[in-house]
Amino acid sequence: NALLDRIDEKDKSIEGYITVAKEDALNSAKLADESIKNGGISPLTGVCASVKDNICTDKILTTCASKMLYNFVPPYDATVVKKLKAQGSVIIGKTNMDEFAMGSSTETSYFKKTKNPHDLAKVPGGSSGGSAAVVAADEAIFALGSDTGGSIRQPSAFCGVVGLKPTYGLVSRFGLVAFASSLDQIGPITKNVTDSAVVLNAIAGYDKMDSTSADEKTDDYTKSLGESVKGLKIGIPKEYIGEGIQKEVKDAIMNAAKVYESMGAEIFEFSLPMTKYALPAYYIMSSAEASSNLARFDGVKYGYRAENYTDLTDMYLKTRSEGFGSEVKRRIMLGTYALSAGYYDAYYKKAQQARTLIRNSFAEAFDKFDVILTPTTPTTAFEIGKNITDPITMYLNDICTVSVNIAGLPAISIPCGYDKTNMPIGLQLIAKPFAENTLFKTAYAFE
Ligand code: GLN
C-alpha cells in the first residue's frame with residue numbers, strides 16, 4: 001500500500017508505468033503476508049517488483065509500448081515472472097519502454113515519455129527507461145529490464161541505479177517478446193549491488209522452454225559480495241575512453257580505476273581494436289533478427305488490427321503501417337534489406353564475421369584480465385527531444401554497451417559519480433561468460 005501511494009504521488013511526473021497492477025499486487029501481498037506467518041520466507045517474500053512491458057505477465061496487459069499490442073493480455077507468465085512469484089515477490093506494475101525495446105531514450109513509446117528522476121527535462125535512457133526511472137524514484141524496490149544492446153545498463157547509468165546484463169543463456173527468455181533473439185537477455189535493475197545478486201539468484205537457471213538457455217549450474221550470486229579485489233587484474237580498453245566521451249565521464253571512470261588500485265587491484269590499459277565494428281554490426285544483426293521476429297504481428301493472431309481493408313494483403317499492410325511506430329519500421333526495413341538475396345553477403349554475413357572477431361578479441365582479453373572496466377555511456381542523460389529526430393546520434397549512445405551483447409558476456413553498470421549538472425555517471429564492468437560472481441565482487445567493492 002505504501003508503494004502504491006508512492007506511485008500515485010510520483011508517477012504523475014515520472015510517467016514510468018504503463019500499467020499499475022493494483023488488485024493483483026494487493027492479492028499477492030496478502031499471500032506473502034500469510035506465507036511469512038507460516039514461516040515460509042525467502043529473500044524476496046513481499047518485495048515489490050516492476051516488470052518491463054515486453055515481459056509477459058499472466059492476465060496483465062503487456063504492450064511492448066506499441067500500438068500493435070495495445071490490448072494484448074498474455075495467458076501465461078514469462079519464466080522470470082513465474083520464478084519471482086514463486087519466491088513471494090509482488091509484481092506491482094509494468095514499465096514504459098521504447099517501442100519493442102528499440103531505442104535509447106524511451107521516447108519511442110506509443111504511450112508516454114518517461115522522465116529522468118534526477119532532472120525531469122531529461123530522458124531516463126532506454127529502452128528499459130521506465131524500469132530504471134521507477135527504481136530511482138522509489139516507485140519500486142527493484143525492476144526487471146531487457147538488454148539487447150545496452151537497454152538495462154544505459155538507463156541504469158542515466159538514472160543512477162545498478163543494472164545487470166547477465167551472460168547470454170543464464171536467464172530464460174521464455175515469455176520475453178523477442179527483439180533480436182541472439183542478443184536479448186533479461187536482468188535486474190536495482191538500488192544496489194546486493195539486491196542485484198539477490199534478484200539474479202531468483203531468476204537465473206536452465207529452462208527447457210528456452211532453446212538458447214544454458215545448461216550450466218548456477219551459483220549463489222551473493223557469495224562473493226565483500227570479497228577482496230586485491231590482485232584482481234582490471235583492463236581498460238583505450239577505445240572506450242577516447243574521442244566522443246564526455247570529459248566528466250572519462251574523469252569519473254579514471255577515478256574509479258584509482259579507487260580499485262588503492263584496494264590492491266592491478267590496472268592495465270589495452271586495446272580492443274574491433275570496437276569500431278561493433279555498432280554497425282549490432283545494428284545490422286539486431287535489425288535483421290527484428291525484421292524476422294516482428295513478422296508475427298500481422299493483425300491475425302493478437303493485438304491491433306486495422307479497421308478498413310479490402311483483402312488479406314491489404315489488412316496486413318494497413319495493420320502494420322498503422323500499428324508500428326517509425327523507429328520500428330526503420331529497423332524492419334533495414335533488417336529485410338540486409339537479409340535480401342542481393343545484399344546478404346555484403347551486410348548480414350559481414351556483420352556475423354565482425355561478431356566472431358569481436359567475440360575472439362574479448363576472449364583474448366580475458367586471458368589477461370579478470371574484469372574490463374569502461375564507461376557505460378559516452379555522455380550523461382540528454383534532454384528529451386534532443387536526439388529523437390537523429391537516429392545516428394541516438395545509435396552512437398550505445399557505443400560502450402553493444403559489444404557485450406555481441407559477445408554474449410555479462411556486464412554490470414554501477415553509479416560512479418555525477419557531472420556538473422548533477423546527472424549520474426555509470427561505470428561498466430565486464431567479465432567472461434558465467435563470471436557474474438567476479439562482477440558482483442568488483443562492483444560491491446566500489447560501492
Ligand atoms: N539502444 C539499442 C537499440 O536501440 C539497444 C536496445 C536494447 O538493448 N533493447 O537497439
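Residues numbered from 1 in each chain as written. Predicted model: local features only at pLDDT ≥ 70, side-chain atom pairs only at ≥ 80, totals over all residues.

**Some thoughts on the overall build of the protein**
Then, number 1: Within the protein one finds 14 helices and 11 strands.
Then, number 2: The globule rule puts the C-alpha radius of gyration for 447 residues at 22 Å, and the 21 Å found for the protein is close to it.
Then, number 3: When its C-alpha atoms are laid out on the principal axes, the protein stretches across 70 × 65 × 45 Å.
Then, number 4: Here the protein holds 447 residues, and 57% of them are scored as buried. (Helix = DSSP H or I, 4+ residues; strand = E, 2+ residues; numbered from the N terminus. Rg over C-alpha atoms; globule rule 2.2 N^0.38 Å. Buried ≥ 20, exposed ≤ 12 C-beta atoms within 10 Å, placed from the backbone.)

**Section: the site of the ligand**
Then, number 1: Surrounding the ligand, one finds 13 residues, the nearest of these being Ala 101, Ser 104, Thr 148, Gly 149 and Ser 151.
Then, number 2: Per-class residue counts for the shell around the ligand are 3 nonpolar, 8 polar and 2 charged. (Near = placed C-beta within 6 Å. Nonpolar A, V, L, I, M, F, W, Y, C, P; charged D, E, K, R; others polar.)

**Let's talk about the UniProt feature "active site" (unreviewed entry) in the protein**
Then, number 1: Under the UniProt annotation, the feature "active site" (unreviewed entry) is placed at Lys 52, Ser 127 and Ser 151. Spatial clustering of the annotated residues is evident: they stretch over 100 residues in sequence, but the largest pairwise C-alpha distance comes to 10.8 Å.
Then, number 2: Mapped onto the elements, Lys 52 comes out in strand β2 (residues 48-52).
Then, number 3: Under the C-beta neighbour-count criterion, Lys 52 is labelled buried, with 30 such atoms within 10 Å.
Then, number 4: Here Ser 127 lies in the loop between β3 (90-95) and α4 (129-136).
Then, number 5: Those residues in contact with Ser 127 that sit more than four places away from it in its chain are Met 97, Asp 98, Ala 101, Met 102, Gly 103, Thr 106 and Ser 151. (UniProt positions renumbered as here; feature names shortened; annotations may be inferred. Contact = placed C-beta atoms within 7 Å.)

**Quick notes on the pairing of strand β9 (residues 371-375)**
Then, number 1: Burial within β9 is extensive, with 5 of its 5 residues counted as buried.
Then, number 2: Residues Val 371, Leu 373 and Pro 375 line one face of β9 and the alternating positions Ile 372 and Thr 374 line the opposite face, and both faces are buried.
Then, number 3: Pairing geometry for strand β7 (residues 233-237) and β9, over 2 bridges, is parallel. Looking at β9, one finds that Gly 235 is bridged to Ile 372.
Then, number 4: Direction of pairing for β9 relative to strand β11 (residues 424-430): antiparallel, over a ladder of 4 bridges. Residue Leu 373 lies in a different strand from β11, and its bridge partner there is Leu 429. (Pairing = 2+ DSSP bridges.)

**Some remarks on the environment of Val 90**
Then, number 1: Counting through the fold element by element, Val 90 comes out in strand β3.
Then, number 2: According to the C-beta neighbour criterion, Val 90 is buried, with 25 such atoms within 10 Å.
Then, number 3: Between the C-alpha atom of Val 90 and that of Val 47, which follows or precedes it by 43 residues, the distance is 5.8 Å.
Then, number 4: Leave out the neighbours within four places in its chain, and Val 90 touches Ala 25, Ser 28, Ala 29, Ala 32, Gly 46, Val 47, Cys 48 and Ala 49.

**What about the environment of Lys 276?**
Then, number 1: Turning to its location among the elements, Lys 276 is positioned in helix α8 (residues 275-293).
Then, number 2: By the C-beta count within 10 Å, which is 12 here, Lys 276 ends up exposed.
Then, number 3: Along the chain, Lys 276 and Ala 354 lie 78 residues apart, while their C-alpha atoms are 9.9 Å from each other.

**Details of the packing of helix α6 (residues 193-203) against helix α14 (residues 436-446)**
Then, number 1: Orientation of α6 relative to α14, taken along the N-to-C sense of each, is 160°, at an axis distance of 9 Å. With respect to α14, the element α6 is oriented roughly antiparallel. Seen along the crossing, α6 lies across α14 with a hand that is left-handed. Touching Val 193, Ala 197 and Leu 200 of α6 are Glu 436, Phe 440, Ala 443 and Tyr 444, all from α14.
Then, number 2: Of the residues that constitute the contact of α6 with α14, the class distribution is 6 nonpolar, no polar and 1 charged. (Axes fitted to C-alpha atoms, helices over the stretch in contact; angles between N-to-C directions. Parallel < 35°, antiparallel > 145°, perpendicular 65-115°, else oblique. Left-handed = near helix turned anticlockwise from the far one by under 90°.)

**Re the nonpolar core**
One recurring pattern in soluble globular proteins: nonpolar side chains tend to sit buried together.
Then, number 1: If you look at the biggest cluster of nonpolar residues, it comprises 137 residues, and the most contacted ones within it are Ala 49 and Leu 429.
Then, number 2: When residues in this core are grouped by element, the largest group, 8 residues, is from α8.
Then, number 3: Excluding its chain neighbours within four sequence positions, the residues that come into contact with Ala 49 are Leu 84, Ser 89, Val 90, Ile 91, Ile 92, Ala 140, Ile 141, Phe 142, Ala 143 and Leu 144. (Core = buried A, V, L, I, M, F, W, Y, C linked by C-beta atoms within 7 Å.)

**Observations concerning helix α2 (residues 22-37)**
Then, number 1: With 16 residues, α2 ought to run about 22 Å at 1.5 Å a step, and its terminal C-alpha atoms sit 23 Å apart, in line with that.
Then, number 2: Every buried residue of α2 is accounted for by Ala 25, Ser 28 and Ala 32. Seen from one end, α2 has its buried residues packed into an arc of 75°, which puts them on one side. Seen from the buried face of α2, the exposed residues on the opposite side, beyond 90 degrees, are Glu 23, Asn 27, Lys 30, Glu 34 and Lys 37.
Then, number 3: Close packing links the buried residues of α2 with α1 (2-14), β2 and β3.
Then, number 4: Just downstream of α2, Gly 39 is the residue with a positive phi angle, here 80°. (Expected span 1.5 Å × (residues − 1). Arc of directions from axis to C-beta.)

**Remarks on unusual backbone geometry**
Then, number 1: Following Gly 126, the chain continues to Ser 127 via a peptide bond in cis, the omega torsion being 10°.
Then, number 2: Despite not being glycine, Asn 422 has its phi angle at roughly 70°, a positive value.
Then, number 3: The residue Asn 422 is located in the loop between β10 (411-418) and β11 in this model.

**Looking at helix α7 (residues 247-262)**
Then, number 1: Taking 1.5 Å as the rise per residue, α7 with 16 residues should run 22 Å; its terminal C-alpha atoms sit 23 Å apart, in good agreement.
Then, number 2: Immediately downstream of α7, the backbone of Gly 264 shows phi near 100°, a positive value.

**Considering the sheet that holds strand β8 (residues 266-270)**
Then, number 1: Read across the open sheet, the 11 strands follow the order β1-β3-β2-β4-β6-β5-β10-β11-β9-β7-β8; overall the sheet is mixed. The open sheet has two free edges, formed respectively by β1 (17-20) and β8, since each of these has just one partner strand. Direction aside, the axes of adjacent strands within the sheet are offset by 30° on average.
Then, number 2: Relative to strand β6 (residues 185-190), strand β4 (residues 142-147) runs antiparallel, the two sharing 5 bridges. Across the sheet, residue Leu 144 finds its bridge partner in β6, namely Pro 188.

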